[in-house]
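Chain and residue survey
Below are the chains, spelled out letter by letter.
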Amino acid sequence: MKNRAIEYPHPVLNEFTNDFIDCNFSIEIPSHSDTGDTIDLEVKYNLNCPGIDKLLHDGIAQIIVRVICYRTSFRIVKKLDLDSTTVISIPKKQITDVLELQSSIVVCQDFSEYYLEEFNKDYFGSMPQKIRKGDIIANEPGIKIQLNTLLEKNTSGIVQVTGSTLISEMKVSFATVNETKPELTNYIVITLPDLEYKNYAKLMKKKHLKNGIDRFLQASIILPAITEGISRLRMQEQTESDEDDPIYKGTVWADSIYDALGRIGVEDLGTCTQSDYELANKVLGNVVSDSTNNLMQKMIDWSTIRQEDEVL
């Protein structure tokens, strides 16, 4: 993202220099997932440079990726695994609007005679270069990610569920574009009393409990929040004038709902005759049917287990 403005005293592989011949380096995100509290990005690197590849596998260099959200000042640096993808988990509470990822390859030790066959001989001849531990030997343009494009395919991801020991009943916040509290920015935030949240977290995080009931949790907790969110957007469309500033449009949750509605053919909420509940169920992929069927299957499974126990 900032490679053009940086000059290095030694050969660096990137898109703006000719320091290396017939070589390239880049990263991509083959997939992502939404676990409720975090966005998990699967990051993969692509490197065409045998000399640098050998340095990596010899442990002399390593690939790192910086993840930055400038609006919230969130920054982390992660090491990428070699010859495989790396999953990076990012807390939703600490990011908003746009994420930027940029990867570099850095050396892990001092070199007094750094030389690779891939160096541009017109620039460097056969002269070894001196580099120090931590110096960059390759970087790439980076990736910018709009958060709403990550979340629009999984609308349930725009609802964050958190817990608090300071409340005795559930609280719900629908972020506006003017929200100033980082923990409430951009999302629909459901805050549960501490015990309820601990039970919810157990159900969501333990695979043997989560299997088959995650859609039921979405129906009981996420669906009502999406329903009210759609209701608020519909009311805003029906009441705002051209001079009014948007209240919800521009937040991740509102833009993601509009994207999801567009995919099911709803272009104007103000004139749509379907109920908020019907629309919410559709953008969540008919969660009512899934949750009912899953619960019924669980009941059948439990009944079968009890019958077997009685026979035994």
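Above this text is the structure in question.
Note that the structure is predicted; figures quoted are calculated from it, not measured.

So, on to the nonpolar core. The biggest cluster of nonpolar side chains holds 76 residues, and the ones touching the most others in it are Ile52, Leu99, Ile226 and Trp253. Per element, the largest residue contribution to this core is nine residues, and it comes from helix H6 (residues 214-239). Those residues in contact with Trp253 that sit more than four places away from it in its chain are Ile158, Phe174, Ala175, Asn186, Tyr187, Ile188, Gly229, Leu233 and Tyr248.

A surface patch of nonpolar side chains, about 590 Å² in accessible area, is lined by Phe216, Leu295, Met296, Met299, Ile300 and Trp302. The element best represented in the nonpolar patch is helix H9 (residues 287-311), accounting for five residues.

A few words on the packing of aromatic side chains. Taken as a whole and assessed by the stated rule, the structure comprises nine aromatic pairs. Taken together through their ring pairs, the aromatic side chains of Phe20, Phe111, Tyr114, Tyr115, Phe119, Tyr123 and Phe124 make up a single cluster.

Read from one edge to the other, the open sheet built from three strands follows the order S1-S2-S5, with strand pairing classed as antiparallel. For this open sheet the edge positions go to strand S1 (24-34) and strand S5 (86-91), each flanked by a neighbour on one side alone. Neighbouring strand axes in the sheet, compared pairwise and without regard to direction, differ in orientation by 30° on average. Sheet topology places S1 next to strand S2 (residues 38-48); nine bridges connect them, and they run antiparallel. Bridge pairing in S2 places Asn24 opposite Asn48.

Residues Gly51, Ile52, Leu55 and Leu56 constitute the buried set of helix H1 (residues 50-57). The buried residues of H1 occupy one face: seen down the axis, they fall within an arc of 140°. In H1, the exposed residues that point more than 90 degrees away from the buried face are Pro50 and Lys54. Buried residues in H1 make contact with S2, strand S3 (61-69), strand S6 (98-107), strand S7 (111-114) and strand S9 (136-139).

Moving on, we come to unusual backbone geometry. For Asp83, which is not glycine, the phi dihedral falls at a positive 60°. If you trace the backbone, Asp83 turns up in the loop between strand S4 (74-79) and S5. You will see that Asn186, though not glycine, has its phi angle at about 75°, which is positive. Relative to the assigned elements, Asn186 resides in the loop between strand S12 (171-174) and strand S13 (188-193). With relative accessibility at 3%, the residue Asn186 sits in the buried group.

Cut-offs used in this document
Residues numbered from 1 in each chain as written. Predicted model: local features only at pLDDT ≥ 70, side-chain atom pairs only at ≥ 80, totals over all residues. Heavy atoms only, no water. Core = buried A, V, L, I, M, F, W, Y, C linked by side-chain atoms within 4.5 Å. Buried < 20%, exposed > 50% of the residue type's maximum accessible area, 1.4 Å probe, protein only. Helix = DSSP H or I, 4+ residues; strand = E, 2+ residues; numbered from the N terminus. Contact = heavy atoms within 4.5 Å. Patch = residues over 30% accessible without salt bridge, like charges linked within 9 Å, V, L, I, M, F, W, Y side chains within 5 Å. Areas by Shrake-Rupley, 256 points an atom, 1.4 Å probe, with all protein chains shown as cover. Salt bridge = Lys/Arg side-chain N within 4 Å of Asp/Glu carboxyl O. Phe/Tyr/Trp six-rings, centres within 6.5 Å; stacked < 30°, edge-to-face > 60°. Pairing = 2+ DSSP bridges. Axes fitted to C-alpha atoms, helices over the stretch in contact; angles between N-to-C directions. Arc of directions from axis to C-beta.

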